[in-house]
Amino acid sequence: MSIHIREWKTDDCTALAGIANDPQVAGWLRDAFPSPYTEEDAVFFINLARRTTHDRGWLYAITVNDAVVGGVSLTFGDDVYSRSAELGYWVGRDHWGRGVATEAVRQICTQAFQETDVLRIEAEVFANNPRSIRVLENNCFIREGYFCQRVWKNGRLLDSIFFACFK
């Protein structure tokens, strides 16, 4: 299995809409991730990703054997947070538990530490998402905080865990 991250392409729209239009995927993500996820949502997102300047953030597709299976991003901080970045990632349900997210996170973090002056990468996950927690722990992220009743998602109040890794 060949796992890579790359920039989004305009012809990824149909594949993105197909894998992102899954309530079980959206259930683990912020509400900014549309659900249902339409092809119009995919066009909007890919256009945004292609316009985002590399000094503000990286929005990449995750591919397995050249097929799009998810997304990974880094949003670079500014002002006093200019040496930090926030990590986000998701993978379509058919690829859960296969190490795809773990490898994509490894690749984007390695790239950030090699190509930028970022010293710290942060991520926050819902406390009831053991797979996502494992992705971060497998990439040497450490738990920095546990937040009780921080997230309102799908009519439920959830805890979250804050992680970071360092150059």
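Above this text sits the structure in question.
About the criteria used
Residues numbered from 1 in each chain as written. Predicted model: local features only at pLDDT ≥ 70, side-chain atom pairs only at ≥ 80, totals over all residues. Heavy atoms only, no water. Phe/Tyr/Trp six-rings, centres within 6.5 Å; stacked < 30°, edge-to-face > 60°. Helix = DSSP H or I, 4+ residues; strand = E, 2+ residues; numbered from the N terminus. Buried < 20%, exposed > 50% of the residue type's maximum accessible area, 1.4 Å probe, protein only. Core = buried A, V, L, I, M, F, W, Y, C linked by side-chain atoms within 4.5 Å. Contact = heavy atoms within 4.5 Å. Pairing = 2+ DSSP bridges. Arc of directions from axis to C-beta.

**Some details on the packing of aromatic side chains**
Working step 1: Summed over the entire model, instances satisfying the criterion amount to six aromatic pairs.
Working step 2: A ring pair is formed by tryptophan 58 and phenylalanine 76, whose centres lie 5.2 Å apart and whose planes are at 85°; its orientation type is edge-to-face. Placement of tryptophan 58 in strand β2 (residues 57–64) and of phenylalanine 76 in strand β3 (residues 67–76) is noted, with a sequence separation of 18 residues between them.
Working step 3: The class of tryptophan 58 is buried, set by a relative accessible area of 3%.

**Some points on the nonpolar core**
Working step 1: Ranked by internal contacts, the top residues of the largest apolar core, which has 33 residues, are Ile62, Leu74, Leu87, Tyr89, Ile108, Ile121 and Phe141.
Working step 2: Ranked by residues supplied to this core, first place goes to helix α4 (residues 100–115) with eight residues.
Working step 3: Residues within four places of phenylalanine 141 in sequence aside, it is in contact with Leu87, Val105, Cys109, Ile121, Glu122, Ala123, Leu136, Phe163, Ala164 and Cys165.
Working step 4: Counting 17 residues, the second-largest nonpolar core is a separate cluster that includes Leu16, Ala26, Tyr37 and Val68.

**Some remarks on the environment of glutamine 111**
Working step 1: Its place among the elements puts glutamine 111 in helix α4.
Working step 2: Apart from the residues within four sequence positions on either side, glutamine 111 is in contact with Ile5, Trp58, Tyr60 and Thr116.

**A few points about the pairing of β3**
Working step 1: Burial of β3 is extensive: eight of the ten residues sit out of reach of the surface.
Working step 2: By the bridge criterion, eight bridges tie β2 to β3 in an arrangement that is antiparallel. Across the sheet, the residue bridging to leucine 59 is serine 73, located in β3.
Working step 3: Here β2 hands over to β3 after two residues, with asparagine 65 in that stretch at a positive phi of 50°.
Working step 4: Both β3 and strand β4 (residues 84–91) contribute to a ladder of seven bridges, which runs antiparallel. Its bridge partner being in β4, glycine 71 is matched across the sheet by tryptophan 90.

**Brief notes about helix α1 (residues 13–20)**
Working step 1: By the burial criterion, the buried members of α1 are Cys13, Leu16, Ala17 and Ala20. Along the axis of α1, the buried positions cluster into a sector of 95°, meaning they face one direction only. For α1, the exposed residues set more than 90 degrees away from the buried face come down to Thr14 and Gly18.

**Quick word on the side chain of aspartate 22**
Working step 1: Mapping aspartate 22 onto the fold places it in the loop between α1 and α2 (23–26).
Working step 2: By relative accessible area, aspartate 22 is classed as buried at 10%.

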